[in-house]
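# Notes for the structure review
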Amino acid sequence: MRTPRVLPSLDEVDIGDHVCHLLGRSDDVIDRSRAFVADGALHGDKVVIVGPAPRTESEFAPLVLDPARLQGSLLAAVRREAATADREGFRSLRVLHHVVPGPGADPSEEWLRSELDLEEFAADTGAMVVCAYSGADWDLPALQQITCVHPHHVGSRPVSPAFRVYRTEQEGWTVTGTVDSDGAVAFGSILCTLLAHTPTVRLRCQTVEFFDAAGMRALADAARHLPDRKIVLEGTNETVRLAWKLSGFAVPDVPVVMAP
């Protein structure tokens, strides 16, 4: 069973982990991730670095997939690499994803879809995925969303909304913590992204402590975002179910099912 945890260093990354690695403004992604890449040879894993192609000669140049040059999606590319690694007899695939904002106004929807795809990929295949973000490239709201969809983090836990959404089974996602006003926008964005690709989103909520009014509104709005969609929350506690009912959201035009 995958569970969220904080890792003291990238040396602790294990099979199936999807890790958020927040870098300081002066940190170099390769220098900070060198041990993770080098451990591939130690453990018999194939290593792929996803990021801008090196501008100069580098020992890692043959391992780099440049997103700007990919034919198809990033998910398709890493799945091909995982299949190749399996045929070639590697234990697993290690992906170091140096995430750089793309051009354009608001990349949030595209970015969320990519991160949720990678979370699903790591959980389903056992690949190890480290997503490295530089504080110099991303603003605080984006960094808060970043932490929500990674069950694993390096170093001390960063300031972020107090919930996580991560993959735990073939047809469902787990939500942990409290969805409050600080995280409501991120939670709604995550749900809308999931609903865009499946008519029913199942959320395991055994470890959800509470939804405040903003969290419930985000849940209701996301469920009504697209036609013929539904959100099923499994394992909700009595307090959450009662609050949902008293808030007036337990009505037919809000396609949300809250189950104990």
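Per an unreviewed UniProt entry, the protein chain is named STAS domain-containing protein, and its organism is Streptomyces prasinosporus.

### Considerations on the pattern of salt bridges
The final tally for this structure, using the stated rule, is 15 salt bridges. Of the charged contacts in the structure, one is a salt bridge between Arg91 and Asp45, with a shortest N-O distance of 2.8 Å. Of this pair, Arg91 sits in the loop between helix H2 (74-87) and strand S5 (93-98) while Asp45 sits in the loop between helix H1 (29-43) and strand S3 (46-50), and the two are 46 residues apart along the sequence. With relative accessibility at 5%, the residue Asp45 sits in the buried group.

### Some details on the nonpolar core
Counting 57 residues, the largest nonpolar core has Phe187 and Leu203 as the members making the most contacts within it. Mapped onto the domain boundaries, this core takes at least three residues apiece from domain 1 (5-158) and domain 2 (165-258). Apart from the residues lying within four places of it in its own chain, the contact partners of Leu203 are Trp173, Val175, Phe187, Leu191, Ile231, Val232, Leu233 and Glu234. Formed by 16 residues, the second largest nonpolar core is a distinct cluster that contains Val13, Val19, Ile49 and Val154.

### A closer look at the UniProt feature "domain: STAS" (unreviewed entry) in the protein chain
Feature annotation in UniProt places "domain: STAS" (unreviewed entry) on residues 175-260, given in this structure's numbering. Strand forms 30% of residues 175-260 and helix 37%; the C-alpha atoms that close the span are 14 Å apart.

### Focus: the domain arrangement of the protein chain
By the assigned domains, the protein chain splits into domain 1 (5-158) and domain 2 (165-258). Taking only C-alpha atoms into account, the centre of domain 1 sits 27 Å from that of domain 2. Contact residues are listed per partner, giving 11 residues for domain 1 and 11 residues for domain 2. The largest per-residue losses of area from domain 1 upon contact with domain 2 belong to Arg113, Leu116 and Cys148, which jointly make up 38% of the total buried on that side. If you look at where domain 1 meets domain 2, you find one salt bridge. Arg167 is paired through a salt bridge with Glu120; the nearest N and O atoms lie 3.2 Å apart. At the level of secondary structure, the elements contributing two or more residues to the side of domain 1 that touches domain 2 comprise helix H3 (108-125) and helix H4 (140-148). The dominant element in the side of domain 1 that touches domain 2, judged by the number of residues it contributes, is H3, at seven residues. Looking at the side of domain 1 that touches domain 2 residue by residue, the classes come out as six nonpolar, one polar and four charged.

What counts and how
Here the residue numbering is sequential within each chain, running from 1 through the sequence in written order. In keeping with the model being predicted, local features are shown solely for residues with a pLDDT of at least 70 and side-chain atom pairs are shown and tallied solely at 80 or more, while totals for entire chains, interfaces and linings include all residues. Values reported for side chains reflect all heavy atoms of the structure, with hydrogen atoms and water molecules removed beforehand. Salt bridges are defined by distance alone: a side-chain nitrogen of Lys or Arg within 4 Å of a carboxyl oxygen of Asp or Glu. A run of DSSP states H or I qualifies as a helix once it reaches four residues; a run of E qualifies as a strand once it reaches two. Both are numbered from the N-terminal end. Here's how the labels work: a residue is buried when its accessible area is under 20% of the maximum for its type, exposed when over 50%, partly exposed in between, all with a 1.4 Å probe on protein chains only. For the purposes of this section, nonpolar cores are sets of buried Ala, Val, Leu, Ile, Met, Phe, Trp, Tyr and Cys residues that join through side-chain atoms within 4.5 Å. An automatic or database domain assignment supplies the residue ranges for each domain. Contact criterion: two residues are considered in contact whenever any of their non-hydrogen atoms come within 4.5 Å of each other. UniProt positions are given in the numbering used here, feature names are shortened, and annotations may be inferred rather than shown by experiment. Values labelled buried area give the accessible surface lost by two parts on being combined, using a 1.4 Å probe and summing over both. Note on residue classes: Ala, Val, Leu, Ile, Met, Phe, Trp, Tyr, Cys and Pro are nonpolar, Asp, Glu, Lys and Arg are charged, and everything else, Gly too, is polar.

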